[in-house]
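Structural overview for review
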Amino acid sequence: MTKWVYNFGAGEAEGHAEIKDLLGNKGANLAEMASIGLPVPPGFTLTTEVCSHFEQTGSYPQDLKEQVQKALQILESRAGCKFGDSENPLLVSVRSGARARMPGMMDTVLNVGLNAKTVEALAEQSDDRRFAFDSYRRFIQMYADIVLGVDACHFEKMLQRAKQKRGVKQDHELQVEDLERLVRDYKTRVFVELGEEFPTDPQVQLWGAIGAVFKSWTNPRAKTYRELHDIPEEGGTAANVQAMVFGNMGHDSASGVAFTRNPSNGDNHFYGEFLLNAQGEDVVAGIRTPSELTMQARMAHGNNSPSLEEKMPKVFRELMAIRDQLEKHYKDVQDIEFTIQKGKLYMLQTRSGKRTTQAAIQIAVDMTNEGLITKQQAVMRLHPSQIDQLLHPTIAENAKKQIIAKGLPASPGAAIGKVVFCADEAVQRVSDGEKVILVRNETSPDDIHGLHAAEGVLTTRGGMTSHAAVVARSMGRPCVAGAGHLEIDEAAGKLKIGDLVLEKGDKLSIDGSTGEVLLGEVPTVLPKVTGAFRTLMSWADEYRTMQVRANAETKADAILAKDFGAEGIGLVRTEHMFFAGMRITAMRQMILASDTKDRKDALHRLLFMQREDITELFQIMDGQPVTIRLFDPPLHEFLPNTEAELSYVARAAGVPVERVRRRATELREFNPMLGHRGCRLAITYPEICEMQARAIFGAAAEAGRTSPSKKTPVAEVMVPLVATLEEFKIIKGIIDKTAAAVQKEENVNFTYRVGTMIELPRAALQAGKLAEEAEFFSFGTNDLTQTTYGLSRDDTGTFMSDYKAKGIMAQDPFVTLDEEGVGELIKVAMNRGLSTRPDMKMGICGEHGGDPTSIDFCQRTGLNYVSCSPYRVPIARLAAAQSALKAQGERVTETRAARPRNPSFGPWCRLVSTRASSCARFRGFLEGSGHLREFSAEKSLGCLKGGPRQPPSLF
Ligand code: PEP
Ligand code: MG
């Protein structure tokens, strides 16, 4: 017989933490807490398999009812009361809880079991009639909304009216008569809406609540959340039925939430909030501002209301002991929920605490130093993509800023955008290309799309664990919460701060690390790899066996790459050195030249710029390998498009515009990705290759004289888009000849290597032959994916989501390497290349070099290095270390903090798989992950300001 129901309570449990798939996260951890002796109200869990059965068949398994009744009996004997009893009634909560955390996305029903009789018993037992009727009206409101589908706004209106009538503002100021009347009115409203009485039978209520919890697995909110967080659709939720405990039973009762350490910055301080005389959802809803748990936090925040430590010292000490016990047991930070009922502490939940990347790193390093986990475990603790969160810009230290308000620093990083007050508008404006800050009194799960679209979130109410704070942290969005001096007038589209009034659309900056709200647009800076981050990265480097290089061609990118720990440059796209400013004119002149003389003239101008740039790269990398690829300019990126551009190039070249136009027409190709590009250019125009070789070797000679170490770098010259050995030989001949000439002219001896990219299936298959001449291989997996699949890098963005939806591709192959096809070609090429030249170095320089899953493939396949965009270098370092550790049998710990979304799929997809590859792909990555949008285009990617598919305009 299948076991559908698992009991827990009274110091024992049938389940445990390891069977999360069956019991859901909440159920498994309740069982675990019960079995380690923590004060957990007794209960039972209906497994996720019940949900799946329910979804597939529309009914429950046959023997479920019987198992639930038995479990209920056990629960009754553990709780010492009886479900539906008119003297000593048991009330239960019915809560959802899936395998993966989906906070607030599914439903919960509290106080199940209340009716006209049991409410009287509750009143008598608690000696608090007001409390009993408040619980009853909450129950009707919640049940009617969640289970019966009656619009919640009816009840909200009635509640408002009751408060107006009584002349009070807060719910808890209502008198018992008001609540009794509300209960009657609520029931009448249910009857009016549904034509049926509100259910009074506790068994009916229980099954209604269980059904609603299971159904909530497929509500739109939950579906969106799963889509955004890559949580599989299958799996379902468990339903946890648990004896109710009440935090709203007077002033010796309370509800609270806490993290065992600070989830924002990782400090080893107990971190949380509580509300006296309140139920748990009051704390997270952010409707009342909670108080601090510790005295230290209260003083740090200048809060006057007493902390739990001061208010209930005995309970606080008990809670502190549980905090320690949980951390030692789970060896991780826990996010807990507790209730104090008449001075007695109950634990309602523990789960691994979601945290910012900064906190995740700090905690991993601290826990290693405290001896709780090993260094290897610390390295395995973060998903490499989380590091992306650390690349948030922060407000520049010396920036001029006008602080207009202050709230809680709920999620770190700076965000700048236009003020919007509603989630839908946030989405609309972002899809129109604007950046927005979502400003709300508080957020609810219905705002999730707005939170996702916005640069950052600002709320006027709620604490560090309010919905806005938790969700923003999990999404990696900066958030300032509870900025109480702000006043939102949504109808008028205004935000008031004292005398200052901001209109919807006005610019605002927020600093989620300090809680500051700043007027206008404030300059930001990038963070550095320091402190715990540096420590963790250095541990990662201890275990890493693959090298990590960067794809970089500008001075700024090279410096950044080195700062981020790159061990060389794996790809200098030399044509990209001419994207910026007026340089493109010289490049265009060279491309458009109609005879050798004109081309040589243009090349001569390029030579000096090229030599200077490469010298700089050699100097910065100072002895580390630098792989310089010969020109690979797809013509569509460089041909002038407009009349103005044509005449500008003609003027600069001193030739009639007609001639330039004719030549541009001649050169235009339908698909330049497969056309006259890569080494084919140098085959047709050897002088191009000669110029570049001259620039590279001249730069090497000069760097040998001028770089800090005075070492002459070993230049690695890379030939792009090679298909045949003959092509490679011709080009290598030119390079060798030029190297000899430069050595003579400069009177130096230097070593250099000439290698090839493997970007075409033919090159992969011919790798054995190519290795006779080529001294290294670098897999250009952008083009290799394109040419293997026959998919254009420029166009797949438009239909890739259909492919994913139909299950044809699990991942965009331009993001995560297609192991079955492209990966197979790489393996063939490696085997064949190594059998010809056993000591050959091989790496990857396509964008996959920065993708953790693809990096794992590179490790398993035995590549020597990965090379990726500078901002991905730390990600690649960590991913490579994890792959190496995995190969040694280290287990990946489930990562808890937010993972940036996959940039290539989903409604947010703005990524174009374009040929201006590293730049555009990186830009897409940044856009996809929601960070660094500004500086990426400005600083390192100036070339792409006009959009990824267009060469920059000259004017
Ligand atoms: C590649 O094709 O993978 C590559 C690195 O070259 P590019 O993106 O410049 O075509
Ligand atoms: Mg390529």
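Under the annotation held in an unreviewed UniProt entry, the protein carries the name Pyruvate, phosphate dikinase and is attributed to Durusdinium trenchii. Taken from UniProt, the Sequence similarities (unreviewed entry) comment for the protein reads in full: "Belongs to the PEP-utilizing enzyme family." Its UniProt record, at the heading Cofactor (unreviewed entry), says of the protein: "Mg(2+)".

Helix and strand counts for the protein stand at 37 helices and 34 strands. Radius of gyration (C-alpha) of the protein: 32 Å, near the 30 Å computed for a compact globule of 955 residues. Along the longest, intermediate and shortest principal axes, the C-alpha atoms of the protein span 105 × 65 × 50 Å. Buried positions account for 60% of the 955 residues belonging to the protein. For the protein, contacts bridging at least 24 residues in sequence account for 69% of all contacts bridging at least 6. For the protein, the exposed area adds up to about 36,700 Å²; of that, 49% sits on carbon and sulfur atoms. Here the protein carries 116 positive and 122 negative side-chain charges, and the mean point of each set is 3 Å from the other.

Metal coordination angles have textbook ideals: 109.5 degrees for a tetrahedral set of four donors and 90 or 180 degrees for an octahedral set of six. The magnesium ion (ligand 2) binds to the protein through Glu 759 (OE) and Asp 783 (OD); the donor distances cover 1.9 to 2.0 Å. One end of the pair, Glu 759, is in the loop between strand S31 (752–758) and helix H29 (761–765); the other, Asp 783, is in helix H31 (residues 781–789), and 24 residues separate them in sequence. Comparing Glu 759 with Asp 783, the two get one shared label, buried.

This part covers the sheet that holds strand S33 (residues 841–844). Spatial strand order, S27-S28-S29-S30-S31-S32-S33-S34: eight strands in a closed barrel with parallel pairing. Looking at each pair of strands side by side, their axes are set apart by 25° on average, direction ignored. As paired elements, S33 and strand S34 (residues 865–868) share two bridges and run parallel to each other. Each residue of the ladder has a partner; that of Ile 844, found in S34, is Val 866. Here helix H22 (residues 596–621) sits on the sheet in contact with strand S28 (569–573), strand S29 (626–629) and strand S30 (715–719), set at roughly 160° to S29.

A few words on the packing of helix H5 (residues 129–146) against helix H6 (residues 152–166). A pair of packed helices is captured by two measures, namely the crossing angle of their axes and the spacing between those axes. Running from N to C, H5 and H6 point in directions that differ by 155°, and their axes come no closer than 9 Å. Of the possible angle classes, the one that applies to H5 and H6 is roughly antiparallel. The segment H5 lies against H6, with Arg 137, Gln 141, Ala 144 and Asp 145 engaging Ala 152, Phe 155, Glu 156 and Leu 159.

Moving on to the nonpolar core. Core analysis: the biggest nonpolar cluster contains 132 residues, and Phe 697, Ile 735, Phe 777 and Phe 779 have the highest contact counts within it. When neighbours within four sequence positions are excluded, Phe 777 is seen to be in contact with Thr 756, Ile 758, Ala 767, Leu 770, Ala 771, Ala 829, Gly 833, Met 840, Lys 841, Met 842, Gly 843 and Tyr 865. Residues Phe 44, Cys 51, Phe 54 and Tyr 225 belong to the second largest nonpolar core, which totals 68 residues.

It is worth spelling out the environment of Thr 45 at this point. Inspection of the secondary structure puts Thr 45 in strand S3 (residues 43–46). Taking the C-alpha atoms as reference points, Thr 45 and Arg 753, 708 residues apart in sequence, are found 65 Å from one another. Every residue in contact with Thr 45, bar those within four places of it in the chain, is listed here: Trp 4, Val 5, Tyr 6, Phe 8, Leu 23, Gly 27, Ala 238, Ala 239 and Asn 240. Only 2.8 Å separates the side chain of Thr 45 from the side chain of Asn 240, close enough to count as a polar contact.

Right, let's get into H31. Of all the positions in H31, only Thr 781, Asn 782, Asp 783, Leu 784, Thr 785 and Gln 786 are classed as buried. The first or second residue beyond H31 is Gly 790, which carries a positive phi of 70°.

Here the focus is the packing of aromatic side chains. Scanning the model with the defined rule gives 16 aromatic pairs in all. Between Tyr 60 and Trp 207 the ring centres are 5.4 Å apart and the planes differ by 55°, which places this aromatic pair in the tilted class. Of the two residues, Tyr 60 is situated in the loop between helix H2 (48–57) and helix H3 (64–79) and Trp 207 in helix H8 (residues 202–215); the sequence distance between them amounts to 147 residues. Judged by relative accessible area, which is 24%, Tyr 60 ranks as partly exposed.

Most of strand S8 (residues 237–243) is tucked away: seven of the seven residues are buried. Burial along S8 is two-sided: Thr 237, Ala 239, Val 241 and Ala 243 facing one way and Ala 238, Asn 240 and Gln 242 facing the other are all buried. For S3 and S8, the ladder comprises four bridges, and the chain directions are antiparallel. By the bridge assignment for S8, Thr 45 is matched with Asn 240. Where strand S6 (residues 92–98) meets S8, seven bridges bridge the pair, whose relative direction is antiparallel. By the bridge assignment, Val 92 is partnered in S8 with Ala 243.

To continue, consider the sheet that holds S6. Taken together, six strands build an open sheet; the order of strands is S2-S1-S3-S8-S6-S7 and the sheet is antiparallel. Two strands lie at the open edges of the sheet, namely strand S2 (12–13) and strand S7 (108–112), each paired on one side alone. Note: strand S1 (residues 5–9) against S3, four bridges, orientation antiparallel. Bridge pairing in S3 places Phe 8 opposite Gly 43. Across the sheet, H8 touches S3, S6, S7 and S8, and the angle it forms with S8 is around 145°.

Here we take up the pattern of salt bridges. As enumerated under the stated definition, the model contains 60 salt bridges in all. A salt bridge links Arg 429 to Glu 425; its shortest N-O distance comes to 2.9 Å. Of the two residues, Arg 429 and Glu 425 are both situated in helix H16 (residues 423–431); the distance of four residues between them amounts to about one turn of the helix. Overall, the relative accessible area of 17% leaves Arg 429 in the buried class. Its salt-bridge partner being Asp 632, residue Arg 677 comes within 2.9 Å of it at the nearest N-O pair. Taken together, the residues span a long stretch of sequence, with Arg 677 in the loop between helix H25 (657–667) and helix H26 (679–684) and Asp 632 in the loop between S29 and helix H23 (635–638) at a distance of 45 residues. Several salt bridges share partner residues, and in doing so they unite Asp 134, Arg 137, Arg 138, Lys 163 and Asp 171 into one network.

Summarising burial for strand S10 (residues 271–276): six of the six residues are buried, a large majority. Burial along S10 is two-sided: the face carrying Tyr 271, Glu 273 and Leu 275 and the face carrying Gly 272, Phe 274 and Leu 276 are both buried. One ladder, built from six bridges, connects strand S9 (residues 254–259) with S10; its direction is antiparallel. If you follow Val 257 over to S10, its bridge partner there is Glu 273. Relative to strand S11 (residues 291–292), S10 is paired through two bridges, and the arrangement is antiparallel. Following the sheet pairing, Glu 273 is matched in S11 by Glu 292.

We now examine the side chain of Arg 677. Accessibility expressed as a relative area gives 0% for Arg 677, which makes it buried. Looking at Arg 677, its side chain comes within polar contact range of the side chain of Asp 632, at 2.9 Å.

Definitions and cut-offs
- Residues numbered from 1 in each chain as written.
- Chains lettered and ligands numbered in written order.
- Predicted model: local features only at pLDDT ≥ 70, side-chain atom pairs only at ≥ 80, totals over all residues.
- Heavy atoms only, no water.
- UniProt positions renumbered as here; feature names shortened; annotations may be inferred.
- Helix = DSSP H or I, 4+ residues; strand = E, 2+ residues; numbered from the N terminus.
- Rg over C-alpha atoms; globule rule 2.2 N^0.38 Å.
- Buried < 20%, exposed > 50% of the residue type's maximum accessible area, 1.4 Å probe, protein only.
- Contact = heavy atoms within 4.5 Å.
- Areas by Shrake-Rupley, 256 points an atom, 1.4 Å probe, with all protein chains shown as cover.
- Lys, Arg positive; Asp, Glu negative; His and termini not counted.
- Charge placed at Lys NZ, Arg CZ, Asp CG, Glu CD.
- Donors = N, O, S within 2.8 Å, 3.2 Å for Na, K, Ca; no water.
- Pairing = 2+ DSSP bridges.
- Axes fitted to C-alpha atoms, helices over the stretch in contact; angles between N-to-C directions.
- Parallel < 35°, antiparallel > 145°, perpendicular 65-115°, else oblique.
- Core = buried A, V, L, I, M, F, W, Y, C linked by side-chain atoms within 4.5 Å.
- Polar contact = N/O pair within 3.5 Å; in protein donor to acceptor, adjacent residues only side chain to side chain.
- Phe/Tyr/Trp six-rings, centres within 6.5 Å; stacked < 30°, edge-to-face > 60°.
- Salt bridge = Lys/Arg side-chain N within 4 Å of Asp/Glu carboxyl O.

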